[in-house]
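# Per-entry structural report
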Amino acid sequence: MINENMQRLGSKRSVIRELFEYGNARAEAIGRENVFDFSLGNPSVPAPDLVREEIARLLEELPAQTLHGYTSAAGLPEVRAAVAEYINAAFGVPVSADTVYMTCGAAASLTILLHALCEAGDEFVAITPCFPEYKVFVEGAGGVLKEARADEAFHLDLAALEAAITSQTKAVIVNSPNNPTGVVYDEAELTALATLLQNKSAEYGRPIVLIADEPYRELTYGAQVPYPMAYYANTAVCYSFSKSLSLAGERIGYIAIHPDCAQAKELFAAVCGAGRSLGYVCAPALFQRVCAKCLGQSSDVGAYKENRDLLYRTLTEAGFECVLPEGAFYLFMKSPIPDAVKFCELAKKHELLLVPSDTFGIEGYVRISYCVEKDIIVRSLPAFRKLAGETILL
Ligand code: PLP
């Protein structure tokens, strides 16, 4: 009677959610202030003032029917136009409103786009370590996820990518700034990636799409984040306001397709079809309007930077090996023992909740989400030092 695959997915929580629930149980038992939960990527910085101001203005000015009513399936025309104009002005890519589709966040952007693209036998390449839901989303769309490992510094490894691309590859998914490593891909990397995808598309006689998953675009600490569409025409951007504007619970984002993408019109029609078949039409009306006024804005990145600097300095001084995050709000740290799952269990004894990298597709690292109050980081530092003392010499 029940779809077994869905039952399996629903019964087994993700490792990250599991840890989060464990943290809640520990908080009940020993007090929230004694638990150092670095599991979830839930923004800790408030949304920018402009978000609140726009909500207040819209509540005041718009009649309830307009404010809370359905919008067009693909989103409000004026909001799609504002997104297109913003992309034109900020990145110099002439995206038109005709290929912008408003969604319920990056998860919806990705699932809709994957369903729009995927045909029988299609493969999608992701760069590991990567967001664990890519596998769920790709398989849900009927595709196969292929993994290409990033290089030692967690940047693009072109040789690994080339080896992962086959005649069945429909798309490559990139995510920069990256979850879980905080790495930002630079211009040279995107140029090389574009050349590889052009060559491989020519070799196999079918265009390979670049899917740019961009929920962290504005969250950087000085690094420039090149816009993938400016390097490769067969690109679709899956954007979300969840992290940049701290609106994760409001479920709002968009898909934008490059105007020169192969079959751009048909792909957009397929996006509309996938949105319809998945029941994802008409993204939240109030937040479509709010976000149209906040394009390119971000919450206070300075607060995340303070957390990053404090954590990075303390952990490296304690002897841990860490990747200095250039963006997003995750710190990727090498486990001092080969088994990161075991290391995370040892960390739990100090009430430190860290995510083992196995869940992101590689072994031997942990992810620390530092989108928390600074005070939590300050109070967690002795626990990290103790953990270093216990594990670095093991
Ligand atoms: N992609 C990446 C890389 C993420 O880290 C996340 C959320 O953590 C998502 C997509 C999903 O974002 P959203 O909450 O907008 O659906």
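These lines cover the structure that appears in this document, whether it is placed above or below. (Residues numbered from 1 in each chain as written. Predicted model: local features only at pLDDT ≥ 70, side-chain atom pairs only at ≥ 80, totals over all residues. Heavy atoms only, no water.)

## Things to note about the sheet that holds strand β10 (residues 330-334)
- One open sheet accounts for 4 strands, arranged β9-β10-β13-β12; its pairing is antiparallel. Two strands close off the open sheet at either side, each with one partner strand: β9 (322-323) and β12 (355-356).
- Pairing geometry for β9 and β10, over 2 bridges, is antiparallel. Bridge pairing links V323 to F332 in β10. (Pairing = 2+ DSSP bridges. Helix = DSSP H or I, 4+ residues; strand = E, 2+ residues; numbered from the N terminus.)

## As for the side chain of R217
- If you trace the backbone, R217 turns up in the loop between β6 (209-214) and β7 (235-240).
- Separated by 2.6 Å, the side chains of R217 and E214 make a polar contact.
- Side-chain polar atoms of R217 contact the backbone oxygen of P226, separated by 3.1 Å.
- Residues in contact with R217, not counting those within four places in the same chain, are F91, P177, V225, P226, Y227, P228 and Y239. (Polar contact = N/O pair within 3.5 Å; in protein donor to acceptor, adjacent residues only side chain to side chain. Contact = heavy atoms within 4.5 Å.)

## With respect to the packing of aromatic side chains
- Per the counting criterion, the structure on display carries 17 aromatic pairs.
- With centroids separated by 3.9 Å and ring planes inclined at 5 degrees, the aromatic side chains of F91 and Y227 adopt a geometry described as stacked. Placement of the pair is F91 in helix α5 (residues 77-91) and Y227 in the loop between β6 and β7, with a sequence separation of 136 residues.
- For F91, a relative accessible area of 21% gives the class partly exposed. (Phe/Tyr/Trp six-rings, centres within 6.5 Å; stacked < 30°, edge-to-face > 60°. Buried < 20%, exposed > 50% of the residue type's maximum accessible area, 1.4 Å probe, protein only.)

## Topic: the site of the ligand
- Neighbouring the ligand are 14 residues; D213, Y216, S240, S242 and R251 lie closest to it.
- The side chain of R251 places a nitrogen or oxygen atom 2.7 Å from an oxygen atom of the ligand.
- About the coverage of the ligand: the protein hides 91% of its 400 Å² of free accessible area.
- No other element matches helix α6 (residues 105-117), which puts 3 residues into the shell around the ligand.
- Looking at side-chain class alone, the shell around the ligand contains 6 nonpolar, 5 polar and 3 charged residues. (Near = heavy atom within 4 Å. Areas by Shrake-Rupley, 256 points an atom, 1.4 Å probe, with all protein chains shown as cover. Nonpolar A, V, L, I, M, F, W, Y, C, P; charged D, E, K, R; others polar.)

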